[in-house]
Amino acid sequence: MNKVILMGRLTRDPEVRYSQGENTLAIARYTLAVDRRFQRNNNNEQSADFISCVAFGKSAEFAEKWLKQGTKICVTGRIQTGSYTNKDGAKVYTTEVVVEDQEFAESKNSASTGDTDYSANNRPTPSAASGDGFMSIPEGIEDELPFQ
């Protein structure tokens, strides 16, 4: 099985080209900066991997219209490897994610305000929560609940 799920931010606007011929096909290429879950050398500096992605057809057209540098997205796809010989005669190996699905990973308001700190101290607390973390159900609505 070859399945990849990534969440990250675009490092730049997608580069979109269209194939030549009778049935033109949109091809979008972009790079995702995906944060690593661990820190190196016990520093607080964040490290990221920069993953090359390619989308075809409707997915590429979506990328062209809606995705911009800094947008946080979730991508599912498959890893594809390849190689070619460059103009100097050296063999170059490539690895990229072929996008099968892509979607926004944050609201537009969060993206514009930069409000992406989801640490335990910044989580909203439910006002009606009891000490065990569950909300109390008001009296008299038992018949309206979808479960009994």
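Everything quoted here is computed from the prediction, not taken from an experiment. (Residues numbered from 1 in each chain as written. Predicted model: local features only at pLDDT ≥ 70, side-chain atom pairs only at ≥ 80, totals over all residues. Heavy atoms only, no water.)

Asker: Can you break down helix α1 (residues 58-66) residue by residue, with the values?
Answerer: Within the span of α1, buried status applies to Ser59, Ala60 and Ala63. Considered in projection along α1, the buried side chains sweep an arc of 100° and stay on one side of the axis. In α1, those exposed residues whose orientation departs by more than 90 degrees from the buried face are Lys58 and Lys65. (Buried < 20%, exposed > 50% of the residue type's maximum accessible area, 1.4 Å probe, protein only. Helix = DSSP H or I, 4+ residues; strand = E, 2+ residues; numbered from the N terminus. Arc of directions from axis to C-beta.)

Asker: Mind laying out the nonpolar core, listing which residues take part and the relevant values?
Answerer: With 17 residues, the main nonpolar core has Tyr30, Leu32, Ile73 and Val75 as its most contacted residues. The set of elements that each furnish at least two residues to this core consists of β1 (4-10), β3 (26-35), β4 (48-56), α1, β5 (72-85) and β6 (91-104). For this core, the element with the most residues is β3, which contributes five residues. Residue contacts for tyrosine 30: discarding those within four places in its chain leaves Leu10, Pro14, Ile51, Ser52, Cys53, Ala63, Leu67, Ile73, Val75, Val99 and Gln102. (Core = buried A, V, L, I, M, F, W, Y, C linked by side-chain atoms within 4.5 Å. Contact = heavy atoms within 4.5 Å.)

Asker: Break down the environment of alanine 26 for me, with residues and values.
Answerer: Along the chain, alanine 26 falls in strand β3. Alanine 26 sits 33 residues away from serine 59 along the chain, and the two C-alpha atoms are 8.4 Å apart. Apart from residues lying up to four places away in sequence, alanine 26 is in contact with Arg17, Tyr18, Ala55, Phe56, Gly57, Ala60 and Glu61.

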